[in-house]
Amino acid sequence: MVTSENLRLFCRKYLLPALCFCLMVAGLFGVLVATVSLCMTDTQKENVIPATDAATLSNEQTFDYILVLGAGLRPDGTPSDMLHDRVTVGVELYHALGIPLLMSGDQTGDYNEVAAMKALAMSLGVPEFDIFLDPKGYSTYESTLRAQDIYGAKRILVVTQEYHLYRALYLSEALGMEAYGISADLRAYRGQTKRELREMLARFKDLFEGAKLVHKTFDEPPVTFA
């Protein structure tokens, strides 16, 4: 028979120590994630540059692409605020530097990030022949890896919001590319606190992806240029 006294003894002897242990483990994991996030940010912040510096670097040695990373669509299929700003900044760089755009995002069924990105870029004056689409950029890791393996990139400018740049630059560097980041923060974005917390976990995950340098096998040949 379970009595209130037995229940109190069980809680004191087993449940409370187990709860304390779980809280301790969660706390240590949180500290580890935060430390990795800070280290990744610190090691890559010098590669986050203003557009004026990009022009100087481009004059010294050309870039292969301006890599614009996907950021979701609205229900009507148009770019979200974040994606709109990424494409806008990428287009501004294109007009200033003349470097082709590589739009990397998710194309699954009727959901087509890269088509929306291309349409916006063309409406802003970029000719179709200078826009390359990677419809299998399902993650930051795959976008950077495919830029190298499928599209032959060795030196790139990465365009995304600043909080996301550090991880994209870390992965690009780990894959052997020379990469610099241009921030696409043109406004305040709703839900940014939640996004920042998710990014900390993503940095922790991608630390190991970059360290392992696990190259996936793709079912299409590299892009060749005439």
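Let me sum up the structure you'll find in this document. Keep in mind that what you see is a predicted model, and the values were worked out from it rather than measured.

Rules and cut-offs
- Residues numbered from 1 in each chain as written.
- Predicted model: local features only at pLDDT ≥ 70, side-chain atom pairs only at ≥ 80, totals over all residues.
- Heavy atoms only, no water.
- Helix = DSSP H or I, 4+ residues; strand = E, 2+ residues; numbered from the N terminus.
- Buried < 20%, exposed > 50% of the residue type's maximum accessible area, 1.4 Å probe, protein only.
- Contact = heavy atoms within 4.5 Å.
- Areas by Shrake-Rupley, 256 points an atom, 1.4 Å probe, with all protein chains shown as cover.
- Salt bridge = Lys/Arg side-chain N within 4 Å of Asp/Glu carboxyl O.
- Patch = residues over 30% accessible without salt bridge, like charges linked within 9 Å, V, L, I, M, F, W, Y side chains within 5 Å.
- 1 Å grid on protein atoms, 1.4 Å probe; cavity = no way out; pocket = protein on both sides within 12 Å on 5 of 7 lines; lining within 4 Å.
- Points joined across faces, edges and corners; volume = space filled by probe spheres on them.

### Some thoughts on the overall build of the chain
Item 1. For the chain, the count of helices and strands is 7 helices and 7 strands.
Item 2. What you see in the chain, going N to C, is helices and strands ordered as α-α-β-α-β-β-β-α-β-α-β-α-β-α.
Item 3. Within the span of the chain, comprising 226 residues, buried residues form 43% of the whole.
Item 4. A separation threshold of at least 6 residues defines the contact pool for the chain, and within that pool the share at least 24 residues apart is 76%.
Item 5. Just so you have it, the chain exposes about 12200 Å², and 62% of that area is on carbon and sulfur atoms.

### So, the pattern of salt bridges
Item 1. As enumerated under the stated definition, the model contains 11 salt bridges in all.
Item 2. Across the salt bridge formed by Asp 81 and Arg 187, the nearest N and O atoms sit 3.3 Å from each other. Of this pair, Asp 81 sits in helix 3 (residues 81-97) while Arg 187 sits in the loop between strand 7 (178-183) and helix 7 (192-212), and the two are 106 residues apart along the sequence.
Item 3. For Asp 81, a relative accessible area of 32% translates into the label partly exposed.
Item 4. Exposure remark for Arg 187: the relative accessible area of 38% places this residue in the partly exposed category.
Item 5. In this structure, Arg 203 and Glu 199 form a salt bridge, with 3.9 Å as the shortest nitrogen-oxygen distance. Taken as a pair, Arg 203 and Glu 199 lie in helix 7 at a separation of 4 residues, close to a single helical turn. Of the two residues, Arg 203 and Glu 199, neither departs from the other in class, the shared state being buried.
Item 6. Taken together, the shared-partner salt bridges in this structure form one network comprising Arg 167, Glu 199, Arg 203, Lys 205 and Asp 206.

### Observations concerning a nonpolar patch on the surface
Item 1. On the surface, a nonpolar cluster with roughly 300 Å² of combined accessible area is contributed by Leu 16, Leu 19 and Leu 23.
Item 2. Here Leu 19 shows up in helix 1 (residues 4-44).

### Remarks on the layout of surface pockets
Item 1. Estimates place the volume of the largest pocket at around 500 Å³.
Item 2. Considering the residues around the largest pocket, the lining is formed by 26 residues, among which Gly 70, Arg 86, Thr 140, His 164 and Arg 167 are closest to the centre.
Item 3. Only helix 3, helix 5 (140-149), helix 6 (162-174) and helix 7 provide two or more residues apiece to the lining of the largest pocket.
Item 4. At 6 residues, helix 7 tops the list of elements feeding residues into the lining of the largest pocket.

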